[in-house]
2 protein chains.
Amino acid sequence: MTASPRRTASANNIAAETLTVSQAGERQVLAEILARIPTGTPLLGPGDDAAIVAAPDGRFAVTVDTMIEGPDFRREWSTPRQLGSKAVTTNLSDIAAMGAAPTALVIALAVPRDMPVTWVTEFADGVAAQLLRLAPECGVVGGDLATAEHITISVTAFGDLQGRAPITRSGARAGDQVAVAGTLGLAAAGLHLLFGGVDDPLVATQLAPESPITAGVTAAVSGATAMMDLSDGLLLDGHRLAAASGVALDFSRELLHADIARLAERFGTELAERFVLGGGEDHSLLATFVADAELPPPFRRIGTVRSGCGIRVDGEPVDPMGWDPFVGVTA
Amino acid sequence: MTASPRRTASANNIAAETLTVSQAGERQVLAEILARIPTGTPLLGPGDDAAIVAAPDGRFAVTVDTMIEGPDFRREWSTPRQLGSKAVTTNLSDIAAMGAAPTALVIALAVPRDMPVTWVTEFADGVAAQLLRLAPECGVVGGDLATAEHITISVTAFGDLQGRAPITRSGARAGDQVAVAGTLGLAAAGLHLLFGGVDDPLVATQLAPESPITAGVTAAVSGATAMMDLSDGLLLDGHRLAAASGVALDFSRELLHADIARLAERFGTELAERFVLGGGEDHSLLATFVADAELPPPFRRIGTVRSGCGIRVDGEPVDPMGWDPFVGVTA
């Protein structure tokens, strides 16, 4: 290759923090990413037309989720590290919700041409750190780099069922216990504070949520009858699980007391209850277990499966609430 | 649920061709897509937190590719049907290039809120038609719908190696034949015409390329030593294969005569040669086979693997050319 402007720019030692992805070029940006992100142990890793991943029991679980600057996040609110972390969490959470152990990810990332390379490397650091925390055996086996006016992050995640049947949304039966692993309402409370311009640790829960990933396999091994990831809130996601199973879910305020009380101190009972029942993005796991099952930690009981349909709170039917990306909040 | 504006709009029978995705809502748009796109025969299809796909030999091939309005396509040039077709082709081509048979796709699609639902359904029709043409056993097992200012299409594709080793880029050895399956330069010629505002069948080759998907498995079964998808052109992709294998690829103008002559009639020899050697997006398959192998159709010989490094044409070293998404054309 002959000298090109980017090579000259690179040779002139543009300060690392101001070097843009278009100045660095795809190859250098990719090298920076690959130096940071664990690839796990695929049979064939990044660098060819496709990666080859092991599927020990002859099946694999797959899910995809996209985060787009504007509708899903704002650059002035989320650090690149938080976005890398969140991209991992939201996808692994869907894998965990099937009762599968995460095995691999592929990431399609598009950023504006004038984005500093350091933004991309910090995003990669966020991916790497969260993978290490939530699923140290899971690596990034491939990806795609592109340019776009708005940051676009599309992650596809894979999981291994380890010989078990997947835990779907449709197995809940009347009489089962309704249980949850993880927090309820904290991400919604964080979003509320974020919109209000308040700097608070809860905001970080919104921007880089945690998810009890290993609880997915725990639930499956312990005989969960149905399970799903709570991305759109207890009422709306619970409604989906109830519909898929042909049952009603009856949540108990008493069993949810600790969740509501924790937020009520600060936000009042009405708002706290709205966060806990209606708030999304905690990425906790909602699962059902037969009536006499001993719930495996970290699952805790929050209600009961009833015959019928829809969602109830203390036996009273309620309207599900949630977020439709095309129409905004529906009620 | 109580009545919401979208339900009212829907009830008032907005003409189908003007109904936007935000008026219809995610659920209806998704239903329209699912009614059109084949899901194949996954162990668990769309509708849960994750899909479950069979991986009969305990492994799966995976690749991801994103197309973004602006850098990758323009709405005034590509019909939604062409975009759906191209999204399928470019990804299946990467699976084929490993010697794998395509098994499944997941698609993350983001469109502006004011996009007509008919755009999305025509995109789905394009996906469905191309799947039927190229890989009738492959289905769409999952996806993600979102809104974005610019259309964003991210496809992750899966393949089954059927018990064989993957055909990587690194297996070419000096003395091997260099072969190609599919067209060379037609997509680049189409792009040239498109930029010139010429309406011509070649433009469709650019906007909705074909790829000899089944030739991937054919090559693997016939003992191909290396293989890759030609997305960035013969020289640049050939350079990558040469580098991965630690050899040189020597293309023959005589063996490429028919490809060049076909385009030279119309564009002159110089431009024709540039299209054939440097033009990307044909999504043909470049493969190497041992010297005495009988090439399986549709592969045809275009050169020879030499010891050394880099790319040669008739024995003369040449600079690879191609497209770097972050810096534009490099030379």
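Everything that follows concerns the structure shown earlier in this document.
All figures in this text were calculated on a predicted structure; none of them were measured in a lab.

J.: Lay out the environment of A:Val178 with the relevant residues and their values.
T.: Residue and element names in this part refer to chain A. In this fold, Val178 is placed in strand S6 (residues 177-181). For Val178, a relative accessible area of 0% gives the class buried. Residues Val178 and Leu249 lie 71 residues apart in sequence; the distance between their C-alpha atoms is 7.4 Å. Look past the residues within four positions of Val178 in its chain and what remains in contact with it is Leu249, Phe251, Leu286, Ala287, Thr288, Arg300, Arg301, Ile302, Gly303, Thr304 and Val305.

J.: Account for the pattern of salt bridges, with residues named and values stated.
T.: Residue and element names in this part refer to chain A. All told, the structure shown has 34 salt bridges over all chains when counted by the stated rule. With a closest N to O distance of 2.8 Å, Asp259 and Arg300 form a salt bridge. Of this pair, Asp259 sits in helix H9 (residues 257-267) while Arg300 sits in strand S10 (residues 300-306), and the two are 41 residues apart along the sequence. Overlapping salt bridges, with partners in common, bring together Glu32, Arg36, Arg81 and Asp125 in one network.

J.: So what's going on with helix H4 (residues 117-134) of chain A? Which residues, and what values?
T.: An α-helix turns once per 3.6 residues; consequently, residues spaced three or four apart project the same way. In a regular helix each residue adds 1.5 Å, so 18 residues correspond to 26 Å; H4(A) covers 26 Å between its end C-alpha atoms and thus fits that length. Along H4(A), the positions that sit buried rather than exposed are A:Val117, A:Trp119, A:Val120, A:Thr121, A:Phe123, A:Ala124, A:Gly126, A:Val127, A:Ala128, A:Gln130, A:Leu131 and A:Leu134.

J.: So what's going on with the nonpolar core? Which residues, and what values?
T.: Of all hydrophobic cores here, the largest spans 57 residues; its most connected members are B:Leu92, B:Leu105, B:Leu109, B:Trp119, B:Ile153, B:Phe289 and B:Phe299. The leading source of residues in this core is helix H4 (residues 117-134) of chain B, at 8 residues. Those residues in contact with B:Trp119, other than ones at most four positions away along the chain, are B:Arg75, B:Pro80, B:Leu83, B:Leu109, B:Val111 and B:Ile151. Residues A:Ala61, A:Val140, A:Ile167 and B:Ala50 belong to the second largest nonpolar core, which totals 56 residues.

J.: Requested: an account of the pairing of S6(A), with residues and values cited.
T.: Residues and elements named next belong to chain A. The buried fraction of S6 amounts to 5 of the 5 residues, a majority that puts the element mostly inside the structure. With burial as the criterion, each face of S6 is covered, one bearing Gln177, Ala179 and Ala181 and the other bearing Val178 and Val180. When S6 meets strand S9 (residues 284-289), the two strands line up antiparallel, connected through 5 bridges. Bridge assignment links Ala181 to a residue of S9, and that residue is Leu285. Taken together, the 4 bridges between S6 and S10 define a ladder with antiparallel strand orientation. Opposite Ala179, over in S10, you have Arg301 as the bridge partner.

J.: Which residues make up the side chain of B:Asp94, and what are the values?
T.: With respect to the secondary-structure elements, B:Asp94 resides in helix H3 (residues 80-96). Buried charge without a partner: B:Asp94 forms no salt bridge, and the closest opposite charge is B:Arg169, 5.7 Å away. Beyond its immediate chain neighbours, meaning those up to four positions away, B:Asp94 contacts A:Asp49, A:Ala50, B:Thr63 and B:Asp229.

Rules used in this analysis
- Residues numbered from 1 in each chain as written.
- Chains lettered and ligands numbered in written order.
- Predicted model: local features only at pLDDT ≥ 70, side-chain atom pairs only at ≥ 80, totals over all residues.
- Heavy atoms only, no water.
- Helix = DSSP H or I, 4+ residues; strand = E, 2+ residues; numbered from the N terminus.
- Buried < 20%, exposed > 50% of the residue type's maximum accessible area, 1.4 Å probe, protein only.
- Contact = heavy atoms within 4.5 Å.
- Salt bridge = Lys/Arg side-chain N within 4 Å of Asp/Glu carboxyl O.
- Expected span 1.5 Å × (residues − 1).
- Core = buried A, V, L, I, M, F, W, Y, C linked by side-chain atoms within 4.5 Å.
- Pairing = 2+ DSSP bridges.
- Lys, Arg positive; Asp, Glu negative; His and termini not counted.

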